[in-house]
Amino acid sequence: MNNMRMLSEEEETSDGVEVTWEDQKQINTFAKLNARLRGIEDRLEQLKQEKEALDDLSTELELMDEDQIVLYKLGESFLHLSQADALARLAIDQASVSSQLAELGGVAEECERGMKDLKVRLYAKFGKAINLDE
């Protein structure tokens, strides 16, 4: 059975809580932080996959013969590198990805802290009248 129904005007406005300009700014800030966090989480997932691929590549390069030439992708191009040069370049790329992961992780934590603080304030004022969960 479908238990959905329209609210009467009394039920709709029974809270009597007025939304001030400051409240609206806090709600907008929460929405911006939430959108930013979703983008960061997507980028973090991409970076984790890239880091895993680089780790797998490192293992493969270490197992191959030292005198073989490797096609190493740099941006949109492929370079012919020796195994040692490819391993050195790979170490640089791994360090770059790791630092990006750490940096974005910190930004994500900062967004989550800001959202948590805003949730506490907004739920304290509006209670069930506002939904800040996904």
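An account of the accompanying structure is given in this report. Every value quoted in this text rests on a predicted model; they were computed, and no experiment measured them. (Residues numbered from 1 in each chain as written. Predicted model: local features only at pLDDT ≥ 70, side-chain atom pairs only at ≥ 80, totals over all residues. Heavy atoms only, no water.)

Moving on, we come to helix H2 (residues 21-63). Quick reminder: α-helices carry 3.6 residues per turn. Residues three or four places apart thus point the same way. Over its 43 residues, H2 extends 63 Å from the first C-alpha to the last, a length consistent with the 63 Å expected when each residue adds 1.5 Å. Looking at H2, one finds that the buried residues are Asp23, Gln26, Phe30, Leu33, Leu37, Ile40, Leu44, Leu47, Leu54, Ser58 and Leu61. For H2, the elements touching its buried residues are strand S1 (69-74) and helix H3 (83-126). (Helix = DSSP H or I, 4+ residues; strand = E, 2+ residues; numbered from the N terminus. Expected span 1.5 Å × (residues − 1). Buried < 20%, exposed > 50% of the residue type's maximum accessible area, 1.4 Å probe, protein only. Contact = heavy atoms within 4.5 Å.)

Turning our attention to the pattern of salt bridges. Inspection of the entire model under this criterion finds seven salt bridges. Note that Asp23 and Lys125 form a salt bridge whose closest N and O atoms lie 2.4 Å from each other. You can see Asp23 sitting in helix H2 and its partner Lys125 sitting in helix H3, a full 102 residues away along the chain. A relative accessible area of 34% places Lys125 in the partly exposed class. Residues Arg89 and Asp93 are paired through a salt bridge, measuring 3.2 Å at the closest nitrogen-oxygen approach. Separated by four residues within a single helix, Arg89 and Asp93 lie in helix H3, roughly one turn from each other. Given the relative accessible area of 29%, Arg89 is considered partly exposed. Judged by its relative accessible area of 16%, Asp93 is buried. (Salt bridge = Lys/Arg side-chain N within 4 Å of Asp/Glu carboxyl O.)

Here the focus is the nonpolar core. Ile40, Leu44 and Ala86 are the most contacted members of the largest nonpolar core, which totals 24 residues. When residues of this core are traced back to their parent elements, those giving at least two are H2, S1 and H3. With 11 residues, H3 is the single largest residue contributor to this core. Residue contacts for Ala86: discarding those within four places in its chain leaves Leu61, Val70, Tyr72 and Leu81. (Core = buried A, V, L, I, M, F, W, Y, C linked by side-chain atoms within 4.5 Å.)

This brings us to H3. Over its 44 residues, H3 extends 62 Å from the first C-alpha to the last, a length consistent with the 64 Å expected when each residue adds 1.5 Å. Once H3 finishes, Gly127 follows within two positions and takes phi at roughly 55°, a positive value.

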